[in-house]
Amino acid sequence: MKQVRPKKNLGQHFLTDLSIARRIADTVDACPDIPVLEVGPGMGVLTQYLAEKPRQLRVVEIDTESVAYLYEHFPRLRDNVIGEDFLRMDLRQLFDGGQFVLTGNYPYDISSQIFFKMLDNRDLIPCCTGMIQREVALRMASQPGSKQYGILSVLIQAWYNVEYLFTVEPNVFNPPPKVQSAVIRMMRNDVTSLGCDEALFKRVVKTTFNQRRKMLRVSLRQLLPQESSLFTLHSSLLTRRPEQLSIAEFVELTNLVAAELSSD
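Residues numbered from 1 in each chain as written. Predicted model: local features only at pLDDT ≥ 70, side-chain atom pairs only at ≥ 80, totals over all residues. Heavy atoms only, no water.

Read from one edge of the open sheet, 7 strands run S4-S3-S2-S5-S6-S9-S7, paired in mixed fashion. This sheet does not close on itself; its edge strands, each paired only once, are strand S4 (81-82) and strand S7 (160-168). With 7 bridges joining them, strand S6 (residues 127-133) and strand S9 (residues 181-188) adopt antiparallel strand pairing. Bridged to Thr129 within S9 is Arg185. Of the strands in this sheet, strand S2 (36-39), strand S5 (101-104), S6, S7 and S9 are in contact with helix H4 (residues 111-120), which crosses S6 at around 165 degrees. (Pairing = 2+ DSSP bridges. Helix = DSSP H or I, 4+ residues; strand = E, 2+ residues; numbered from the N terminus. Contact = heavy atoms within 4.5 Å. Axes fitted to C-alpha atoms, helices over the stretch in contact; angles between N-to-C directions.)

Right, let's get into the nonpolar core. In this structure, Leu102, Phe115, Met140, Met186 and Phe201 are the most contacted members of the largest nonpolar core, which totals 57 residues. In contact with Phe115, not counting residues within four places along its chain, are Tyr106, Cys128, Ile132, Met140, Ile156, Ile184 and Met186. Of all hydrophobic cores here, the second largest spans 30 residues; its members include Val36, Leu57, Val59 and Leu70. (Core = buried A, V, L, I, M, F, W, Y, C linked by side-chain atoms within 4.5 Å. Buried < 20%, exposed > 50% of the residue type's maximum accessible area, 1.4 Å probe, protein only.)

On to the pairing of S5. Side-chain direction in a regular strand flips from residue to residue, so the side chains alternate between the two faces of the sheet. Taking every second residue as pointing to the same face, both faces of S5 are buried, with Val101 and Thr103 on one and Leu102 and Gly104 on the other. Across 4 bridges, the pairing between S2 and S5 is parallel. Within the sheet, the bridge partner assigned to Val36 lies in S5 and is Val101. Remark: the S5/H4/S6 crossover connection has right-handed handedness. (Right-handed = clockwise from strand over helix to strand, strands pointing away.)

Inspection of the secondary structure puts Ser219 in helix H8 (residues 216-219). In contact with Ser219, other than residues within four places in its own chain, are Thr207, Thr208 and Gln211.

Here we take up unusual backbone geometry. Going from Asn174 to Pro175, the amide bond is cis rather than trans, its omega being -10 degrees. Within the secondary structure, Pro175 sits in the loop between strand S8 (173-174) and S9. Unlike most non-glycine residues, Asp33 shows phi in positive territory, near 75 degrees. As for its position among the elements, Asp33 is in the loop between helix H1 (18-26) and S2. The backbone of Asp96 shows a phi angle near 55 degrees, a positive value even though the residue is not glycine. Tracing the backbone shows Asp96 in the loop between S4 and S5.

So, about the packing of helix H7 (residues 198-209) against helix H11 (residues 247-263). Where H7 contacts H11, the two axes come as close as 9 Å, and the packing angle between them is 105 degrees. Considering their axes alone, H7 and H11 lie roughly perpendicular with respect to each other. Residues Leu200, Phe201, Val204, Val205, Thr208 and Phe209 of H7 form the contact with H11, whose own contacting residues are Ile247, Phe250, Val251, Leu253, Thr254, Val257, Ala258 and Leu261. (Parallel < 35°, antiparallel > 145°, perpendicular 65-115°, else oblique.)

Those residues of H1 lying buried are Ile20, Ala21, Ile24 and Ala25. All buried residues of H1 project into a common sector of 140 degrees when viewed along the axis, lining one side. (Arc of directions from axis to C-beta.)

According to the stated counting rule, one finds 4 aromatic pairs in the structure shown. Considering the side-chain rings of Phe95 and Phe100, the 5.4 Å spacing of their centres and the 45 degrees angle between planes classify their relative orientation as tilted. Each ring, one from Tyr149 and one from Phe209, has its centre 6.0 Å from the other, and the planes form 75 degrees; the classification is edge-to-face. Taken together, the residues span a long stretch of sequence, with Tyr149 in the loop between helix H5 (134-141) and helix H6 (151-157) and Phe209 in helix H7 at a distance of 60 residues. Judged by relative accessible area, Tyr149 falls into the buried class, the value being 1%. For Phe209, a relative accessible area of 7% translates into the label buried. Taken together, the ring pairs connect Tyr149, Phe209 and Phe250 into an aromatic cluster. (Phe/Tyr/Trp six-rings, centres within 6.5 Å; stacked < 30°, edge-to-face > 60°.)

Below you can see the structure in the form of structure tokens.
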């Protein structure tokens, strides 16, 4: 079977450098002894090295041409090639409800959606690794005070420790993307509860960063009534901007907002 044609509508950029593929595959070793799920294997450049590891491997691929290629070139994985859309899958059905490592050369246009799904299933995914757009990787790993620090940084770092591992140049892909790529690894931290309403935490983070140049007392008016006492009682916190807040301070802010909403 001939090689798979990269499809622009699926955001496919096939990695051609085998040494980088092996380095990405080795990132899953930080979380041994549990199965691996690879998202978007394409023609299996990463899959071939993951398959060498002594653990169960399953791959999920939405592109039917790639699925046919994997069937032909990885016959022993045939029963573990899933021709579905990862974003629509019930991850609890994959490994009998057990934990697994998530990895892949992720399609750049849906990488954030992939990580939000990871967060929704964080009890199943103690480790997530893979390659994404460098700009997104920098946002995920950035700390308070950085220009890259934002929604992804806070929501992911609330539950995972993020490592920016290395940068990958465009010339090792077919076709070359217009941006640099990066390989990251996320390991579940020890947090079992944020200490606040998680849904409200997400709303507060998203609301404030959607107006990241404004002080919190301005952006939070979308969530609270104008006469809320929060705007006067906690003025020192509310004169700051969202990129200045740590995760613990976002938790504190969420609890203050929750108290105001309940009293109202």
